[in-house]
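Report on the structure
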Amino acid sequence: MKHSVSYPLTLSQFQASEGFWKDKMELVRKEVIPYQWDMLNDRVEGAAPSYCMRNYKTAGKYIRENKVEDSFSNNLEGMYRGFQVLPKDPENLEDTFYGFVFQDSDFSKWIEAVAYSLSNHPDAELEKIADEAIDVVCAAQLENGYLDTYFIINGMSGHFQNLTDLHELYCFGHLAEGAVAYYHATGKDKLLKAAMRYADYIGQCFGPEEGKRKGYPGHEEAEMALVRMYEATGDEKYLNLSRFFVDERGKKPYYWDSEPSCHGFRFWAKRDENDEGYQYHQAHRPVREQDEAVGHAVRAMYLYSGMADVARLTDDETLREACRKLWRSTVREKMYITGAIGSTHVGEAFSFPFDLPNDTAYAETCASVGLIFFARRMLQMEADSEYADIMEKALYNTVLGGMALDGKSFFYVNPLEVLPQASRKDARKAHVLPVRPKWFGCACCPPNIARLISSLPMYAYTENEDTLFMHLHMAGKVSKQVGDKTALFQVNSNMPWHGKVDICYCGRESTDMTLAVRIPGWCEKWQAEGIEKFDQRIEKGYCYLTGTWTEGTNISFCFEMVPRFYQADERVREDIGKVALMKGPVVYCAEEADNGKNLHLLQVIPEGEIREEWSDILGITLPVLSIQGERKTPASTLNTLYTPYEKNTYEATEVKMIPYFAWANRGENEMTVWLRQK
Ligand code: FUB
Ligand code: ZN
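A brief structural summary.

Rules of the game
- Residues numbered from 1 in each chain as written.
- Chains lettered and ligands numbered in written order.
- Predicted model: local features only at pLDDT ≥ 70, side-chain atom pairs only at ≥ 80, totals over all residues.
- Heavy atoms only, no water.
- Near = heavy atom within 4 Å.
- Polar contact = N/O pair within 3.5 Å; in protein donor to acceptor, adjacent residues only side chain to side chain.
- Areas by Shrake-Rupley, 256 points an atom, 1.4 Å probe, with all protein chains shown as cover.
- Nonpolar A, V, L, I, M, F, W, Y, C, P; charged D, E, K, R; others polar.
- Pairing = 2+ DSSP bridges.
- Helix = DSSP H or I, 4+ residues; strand = E, 2+ residues; numbered from the N terminus.
- Axes fitted to C-alpha atoms, helices over the stretch in contact; angles between N-to-C directions.
- Disulfide = S-S within 2.5 Å.
- Contact = heavy atoms within 4.5 Å.
- Donors = N, O, S within 2.8 Å, 3.2 Å for Na, K, Ca; no water.
- Buried < 20%, exposed > 50% of the residue type's maximum accessible area, 1.4 Å probe, protein only.
- Expected span 1.5 Å × (residues − 1).
- Phe/Tyr/Trp six-rings, centres within 6.5 Å; stacked < 30°, edge-to-face > 60°.
- Lys NZ or Arg CZ within 6 Å of the ring centre and 35° of its normal.

On to the site of ligand 1. Looking at ligand 1, the residues that line it are F102, H167, Y170, H219, H296, V298, E348, E364, Y412, C442 and C444. The side chain of H167 places a nitrogen or oxygen atom 2.7 Å from an oxygen atom of ligand 1. One of the side-chain nitrogen or oxygen atoms of Y412 is found 3.4 Å away from an oxygen atom of ligand 1. Burial of ligand 1 by the protein amounts to 94% of the accessible area it has alone, namely 270 Å². A per-class count over the shell around ligand 1 returns six nonpolar, three polar and two charged.

This is the structure in structure tokens:
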């Protein structure tokens, strides 16, 4: 039996209303996208250059001048630092490839964000810039469809020889996602055709047919992208190729072992000595036999998202069950309260269950973006609010925290506790930055935030034939086709600060349909008004309202949203005896800017009163929570490392907590999410 599935809205079905998310989407449109375009063209002083558009231009030139070599020239000697190809003399750039092997993906994620932004807000000038950029990218494509500047510039004999490490299929995936989005936004198919030609070339090289290679991506992404291509074009060969990549992964003998220069991060994040295969790449065993989230966290999320897509489209129960297990492993054993995942910087990877250190957390922004991709795809297969709860948590905390309030600097790593001195002086914490840099040599995260936020309606709502699912209560006007009628809802909400959601049916035509509204997991009490005339059913965290919707029908939900303390499972060693504060989906943190130095001396009284007031951080007004606490007073014997025990004394203090996503917007300072509990 086919499962009942739902699909994301297209962006033309949603128009954001004033409020929290519209502000963020506008920030991405006005600040982040232009800023990133400057970055891609190396025009931001003081920021690590991207070289991205430069590489495309160089590759295009190689093609025009017939300079593309067959043999891999590897003229990179002496310039390879930390996997990044850097110019010998930055003042005097040669016509060669610079940056990470996956530098092309910076453009692809940017164009994807541009596409969503154009759908939300047409902008002829931006579209012109994007069209010109697409011309540059397409000019770098080889006759046979191949399009990856690293090999076009360095020599083609190396291409597809090291799928494990060299990211070609990852870059292809991002290109395809950007191309599909741009096609949907503008109707222009130049980039889509280029991506299709590239996909066709990949399909000639890899596949189940005899004579084709049995490889699969070292960094997953193509799986999801091929599904999007299939959904955009209806051409099954793309779905088949995606399924092939999913099915082939982890089969023994490992395809990658046949690759001459395969490195493969075999020893990173290995689980035990009997099982060291390719866990870092989630290829240690066939995907249907995997039940624990392991290895590089972004790779894992992209794979699981692709698996969920394939499971949905092919109605594959074993694959669906594997997705469920991997989901549970991720969110029930390996996720921070902020929706961050991948707790070790060694391999940017998952650690063992419940190993969630706060001050050495890696918690890459992209991993939480990927978790949101995975959650939405699980939701599409089964409307269970657990998926939406996590989607919301990752979004409001780690993903938003990945970007400064002004959209001009970004975090890659998202710790839950920071001591600036430790970041500078302790090599184990060197990856934990106390302030957001303007950009990164490896700039995967900022454009991922941009593409996610500008396409947020596609996560906030999904639909099937007769049901509109409201997952994130995002304020705006939502339309839905029901047979030959158009349903139209105006949703007013002030999430994440208030739990009241007003929904007005404002379509001229009456429609018979179901509205399924998520009851958030953080909400203990809720009530609804105006729903009497509908058939009502609560299932897996959704309130289904079925009936005839007529113009002027007003309903409202009131989800109680009170600040609440949380504790972690006792297996999380670092959080024992500590509490974290949340209001609705928003995690709070204490910063030195409000509470002085030495946050570790604070303890809080969870039963105490909580005061809420609105306060400005970098010109943005946010609800700040003040909780009752105490600060340890100095011991009587000072300047002695250890002294005989004496009863600790504390003085009462108020601890001011701000939304975690707003931390590090007031310069370098200490921060902590978890506080000791009195
Ligand atoms: O390898 C490509 C991207 O760079 C990954 O997704 C990130 O984790 C970063 O390593
Ligand atoms: Zn990233």
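What follows continues from the structure just given.
Moving on to the sheet that holds strand β10 (residues 500–505). Judged by pairing direction, the sheet is antiparallel, and its six strands sit side by side in the order β2-β8-β9-β10-β15-β12 without closing on themselves. Two strands lie at the open edges of the sheet, namely β2 (14–16) and β12 (526–529), each paired on one side alone. Neighbouring strand axes in the sheet, compared pairwise and without regard to direction, differ in orientation by 15° on average. Where β10 lies against strand β15 (residues 554–559), five bridges are found, and the strand directions are antiparallel. Residue D502 lies in a different strand from β15, and its bridge partner there is S556.

Right, let's get into the state of the cysteines. Tallying each qualifying case throughout the model produces zero disulfides. Take C171: it sits in no disulfide, and the sulfur closest to it among the cysteines is that of C52, at 9.1 Å.

Let us look at the sheet that holds strand β7 (residues 467–470). The sheet built from six strands is open, its strands ordered β1-β6-β7-β11-β14-β13 with mixed pairing. Each edge of the sheet is formed by a strand with only one pairing partner; in this case those strands are β1 (7–8) and β13 (535–539). The pairing of strand β11 (residues 511–518) with strand β14 (residues 542–549) spans eight bridges and is antiparallel. Bridge assignment links A516 to a residue of β14, and that residue is Y544.

With that settled, consider the environment of L472. Tracing the chain through its elements places L472 in the loop between β7 and β8 (476–482). In sequence terms L472 and G342 are 130 residues apart; their C-alpha atoms lie 24 Å from each other. The contact partners of L472, leaving out residues within four places of it in the chain, are A388, M391, E392, L395, Y459, A460 and R518.

Once that is clear, we can look at the coordination of the zinc ion (ligand 2). By definition of the ideal shapes, a tetrahedral metal site with four donors has angles of 109.5 degrees and an octahedral site with six donors has angles of 90 or 180 degrees. All of the protein donors around the zinc ion (ligand 2) are E364 (OE), C366 (SG), C444 (SG) and C445 (SG); their distances to the metal are 2.0 to 2.3 Å. One chain supplies every donor for the zinc ion (ligand 2), spaced along it as E-x1-C-x77-C-C. In this structure, E364 and C366 share a single accessibility class: buried.

What follows concerns helix α8 (residues 190–205). Counted at 1.5 Å a residue, the expected span for α8 with its 16 residues is 22 Å, and the 23 Å between its end C-alpha atoms agrees. Those residues of α8 lying buried are L191, L192, A194, A195, Y198, A199, Y201, I202, G203 and C205. Close packing links the buried residues of α8 with α3 (104–120), α4 (124–138), α7 (168–186), α9 (222–233) and α10 (236–248). Just beyond α8, the residue with positive phi is G207, at close to 160°.

On to the packing of aromatic side chains. The relation between two aromatic rings is expressed through the spacing of the ring centres and the mutual angle of the planes. If you walk through the whole model with that rule in mind, you get 48 aromatic pairs. Each ring, one from Y56 and one from F107, has its centre 5.7 Å from the other, and the planes form 75°; the classification is edge-to-face. Here F107 lies in helix α3 and Y56 lies in helix α2 (residues 52–64), a separation of 51 residues in the sequence. Both residues of the pair, Y56 and F107, count as buried. Ring-pair connections join several aromatic residues into one group, and the members of that group are Y146, F160, F172, Y198, Y201, F206, F244 and F245. Sitting over the ring of F20, K24 keeps its end group 5.4 Å from the ring centre. Geometry around Y544 places R537 over its ring, the cationic atom sitting 4.0 Å from the centre.

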